[in-house]
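For reference, the chains in residue letters:
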Amino acid sequence: MIGIGLMSGTSLDGIDAALVDISGIGTKTKVKLLAATTLPLTDEMKGLIKATCDPKKSNVQSISQLNVKLGYHFLEACQKVCRKAHMPEERVDFVASHGQTIWHEPASDPYCSNTLQIGDPAIIAYGMKTTVVADFRMMDMAAGGEGAPLVPYSEYILYRSEEKARLLQNIGGIGNVTVLPRACQARDVFAFDTGPGNMVIDEFMMQLYGKPFDESGQTAARGNIISSMQKKLREHPYLAIEPPKSTGRELFGKQYAEIWLELWEKEAKADLIATVTDFTAYSIADSYRRFVFPKIGTENVQVLLGGGGAHNGTLRMMLANYLPQVEILTQDEFGQSSDAKEAIAFAIMANETLHGKPSNMPSATGAHDSVVLGKIIPNPFG
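No experiment lies behind these values; they were computed from the predicted model shown.

**Student:** I'd love a proper account of the nonpolar core, names of residues and values included.
**Tutor:** Ranked by size, the top nonpolar core spans 36 residues in total, and within it Phe-136, Leu-180, Phe-346 and Met-349 carry the most contacts. Where this core is concerned, the elements lending two or more residues are strand 2 (15–23), strand 4 (94–105), helix 5 (152–159) and helix 14 (341–354). Top contributing element to this core by residue count: helix 14, with eight residues. Leaving out residues up to four positions away in the same chain, Phe-346 has contacts with Met-7, Ala-96, His-98, Phe-136, Arg-137, Leu-150 and Val-151. In this structure, Ile-2, Leu-6, Leu-66 and Ala-77 belong to the second largest nonpolar core, which totals 33 residues.

This is the structure:
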C-alpha cells in the first residue's frame, strides 16, 4: 500500500510528511520511504497554536477554529509530498495523521486522564479522497496508559538488533527515548519522555534573539554555562519520576521558559542558551543513568538521535560528554531519516490499525492491554 504519515510535534517547526510504500504487518512489515518533506508553520499559525495551548488564552471557539485550519494544513502537507515524489494523489491508499497536540495530561484517575490532538481528519479524507487514520493516543489512555510514547512499536520493528542495545532518542519539542535491549522481544521494550527537547531552547531563542531555534547550536556554542542556573534546572521534579511517564508543553512550554528568563534576565544571552541546551542534554543522560543503564548496562549500547535536535551540534557534543561510554549517531548516519522518523512511525501504526492489529506497547505506555489504536475516517467517495 501507499501511505502518508503526518507528524506535527510540540516543537512547532512544521508538519512532517512521509510518503511510504508499506507491506506486511507486525514484524514482517516492510517500509520504503518514497519521499519526505516538511510544511513550515507560519509565525501566525505558531502563535495560534501556542495561544490555544495556554489555558488563560484559549477558549472553545479558538480550539474549534484551529482544528479546521490545521486540517487544511495537513492536507497541504499531503499534497506537497505527493508532488515531490511525482505521485498521483489518487494512488494514496491511506493517510496517518497524528494531529497537533494542544494538551496532554495523563493521570491515575481515568476520568481525568486526557489528551487532545487537533487538525480535523475529515478535511484530509475529503481532500485526498482516501482513508485517514487519526487520534491514535486516546485508545491507549482508555486502556490505562499514558497515551505516549507511541513510536516504540515502529522502532521495535525497524531497529531491533541481536548484537546491540539501541536507544532511539527523539529530540523534538520534548525528548523521548525507546529502549531496545539486545535481542529483545516486544515485551522487553520500554520507553518514556526524558524531559525537554528543543522546546525550552526554542522559546529562549525567540524571546532573546527573535529566532525560532538555535541553528546547529551556534548560539549555545558561543556561551558559557551559568552554574547556579544549571543547578536549579536540574532540580525539576519530572526528572526523578519513574517511567512510564510523558510530558509536553503544559510542563515545559512558554510559561516555564518565561519564569527562568525573568529570574536570570541579567545574564548574557548566549550563556542562557548554552545553559538550557545543557539542561536538555543532562535530562537525557540523567534519564539513562537512572532508568536505562541499570536494566541494560552500558556495553554495546548505541544511541540513535532523531528529530530537530539531532541537527544541534552543541547539544550532541554536550550529550556525548555526559555519555562517554556509549556510541552516539544520528538517524541519518545510521541510514534512516532523522526528520521523517515519527511520520513514518505513524504510517506503520495506521497500517496495523487498518489490519485490525494492536500497535501500542504497554511496557512503554503503562496500558493494561495491547490495543488497536486510532479512529478510521473512511474514504468519503467509497
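Next comes the rest of the write-up.
**Student:** Talk me through the packing of helix 6 (residues 199–209) against helix 10 (residues 254–263); I want residue IDs and the actual numbers.
**Tutor:** The contact between helix 6 and helix 10 brings their axes to 9 Å, and the two run at 60°. Between helix 6 and helix 10, the angle falls in the class oblique. Handedness of the helix 6/helix 10 crossing: right-handed. Counted together, Val-200, Glu-203, Phe-204, Gln-207 and Leu-208 of helix 6 and Lys-254, Tyr-256, Ala-257, Glu-258, Trp-260 and Leu-261 of helix 10 form the full contact between these two elements. When grouped by side-chain class, the residues that make up the contact of helix 6 with helix 10 number seven nonpolar, one polar and three charged.

**Student:** Explain the packing of aromatic side chains to me, using residue names and the numbers behind them.
**Tutor:** The geometry of two aromatic rings is summed up by the distance between their centres and the angle between their planes. Under the defined criterion, the tally for this structure stands at nine aromatic pairs. Each ring, one from Tyr-256 and one from Trp-260, has its centre 6.2 Å from the other, and the planes form 65°; the classification is edge-to-face. With Tyr-256 and Trp-260 both in helix 10 and four residues apart, this pair spans about one turn of that helix. Its relative accessible area of 12% is what places Trp-260 among the buried residues. Aromatic side chains Tyr-282 and Tyr-322 sit 5.9 Å apart centroid to centroid with 75° between the ring planes, which places their arrangement in the edge-to-face category. In this pair, Tyr-282 is assigned in helix 11 (residues 269–296) and Tyr-322 in helix 12 (residues 313–322), connecting sequence segments 40 residues apart. Here Tyr-282 falls in the buried class, since its relative accessible area comes to 13%. A connected cluster of aromatic rings, assembled from ring pairs, spans Tyr-238, Phe-252, Tyr-256 and Trp-260.

**Student:** Tell me about empty space enclosed by the protein, and please be specific about residues and values.
**Tutor:** One pass over the full model with this rule turns up one cavity of 30 Å³ or more. Together, Val-151, Ser-154, Glu-155, Leu-158, Tyr-159, Gln-336, Ser-337, Lys-341, Ile-344 and Ala-345 line the largest cavity. Among the elements of the structure, helix 5 and helix 14 are those that each provide at least two residues to the lining of the largest cavity. By residue number, the principal contributor to the lining of the largest cavity is helix 5, which donates four residues. When its residues are assigned to classes, the lining of the largest cavity shows five nonpolar, three polar and two charged.

**Student:** Outline the pattern of salt bridges, supporting the account with residue identities and numerical values.
**Tutor:** Tallied over the full model, the rule gives seven salt bridges. Across the pair Arg-160 and Glu-162 runs a salt bridge whose closest N-O atoms are separated by 2.9 Å. Note on Arg-160: relative accessible area 30%, which makes it partly exposed. A relative accessible area of 42% places Glu-162 in the partly exposed class. For the salt bridge of Arg-234 with Asp-278, the shortest nitrogen-to-oxygen distance reads 3.5 Å. One end of the pair, Arg-234, is in the loop between helix 8 (227–233) and helix 9 (249–252); the other, Asp-278, is in helix 11, with 44 residues separating them in the sequence. You can call Arg-234 partly exposed: its relative accessible area is 27%.

**Student:** How would you explain the layout of surface pockets if you had to name every residue and give the values?
**Tutor:** Reported here for the second largest pocket is a volume of approximately 290 Å³. What lines the second largest pocket is a set of 17 residues, among which Lys-50, Cys-53, Asp-54, Lys-254 and Gln-255 lie closest to the centre. Listed by contribution, the elements that provide at least two residues to the lining of the second largest pocket are helix 1 (43–53), helix 9 and helix 10. When the residues that make up the lining of the second largest pocket are grouped by side-chain class, the tally is seven nonpolar, three polar and seven charged.

**Student:** Can you lay out unusual backbone geometry for me, pointing to particular residues and giving the numbers?
**Tutor:** The peptide bond linking Ala-148 to Pro-149 adopts the cis configuration, its omega dihedral lying at -10°. Relative to the elements of secondary structure, Pro-149 occurs in the loop between helix 4 (137–142) and helix 5. The linkage connecting Pro-243 with the following residue, Pro-244, adopts the cis geometry, with an omega of 0°. Among the secondary structure elements, Pro-244 is positioned in the loop between helix 8 and helix 9. At Lys-129, a residue that is not glycine, the phi angle is positive and equals roughly 55°. Tracing the sequence through the fold places Lys-129 in the loop between helix 3 (121–128) and strand 6 (131–134).

**Student:** Any details on the packing of helix 6 against helix 11? Residues and values, ideally.
**Tutor:** Two elements in contact, helix 6 and helix 11, have axes separated by 9 Å at closest approach and are oriented at 170°. Taken together, the axes of helix 6 and helix 11 lie roughly antiparallel to each other. For the pair helix 6 and helix 11, the contacting residues are Val-200, Ile-201, Phe-204, Met-205, Leu-208 and Tyr-209 in the first and Lys-269, Ala-270, Leu-272, Ile-273, Val-276, Thr-277 and Thr-280 in the second.

Reading the values: rules and limits
Residues numbered from 1 in each chain as written. Predicted model: local features only at pLDDT ≥ 70, side-chain atom pairs only at ≥ 80, totals over all residues. Heavy atoms only, no water. Core = buried A, V, L, I, M, F, W, Y, C linked by side-chain atoms within 4.5 Å. Buried < 20%, exposed > 50% of the residue type's maximum accessible area, 1.4 Å probe, protein only. Helix = DSSP H or I, 4+ residues; strand = E, 2+ residues; numbered from the N terminus. Contact = heavy atoms within 4.5 Å. Axes fitted to C-alpha atoms, helices over the stretch in contact; angles between N-to-C directions. Parallel < 35°, antiparallel > 145°, perpendicular 65-115°, else oblique. Left-handed = near helix turned anticlockwise from the far one by under 90°. Nonpolar A, V, L, I, M, F, W, Y, C, P; charged D, E, K, R; others polar. Phe/Tyr/Trp six-rings, centres within 6.5 Å; stacked < 30°, edge-to-face > 60°. 1 Å grid on protein atoms, 1.4 Å probe; cavity = no way out; pocket = protein on both sides within 12 Å on 5 of 7 lines; lining within 4 Å. Points joined across faces, edges and corners; volume = space filled by probe spheres on them. Salt bridge = Lys/Arg side-chain N within 4 Å of Asp/Glu carboxyl O.

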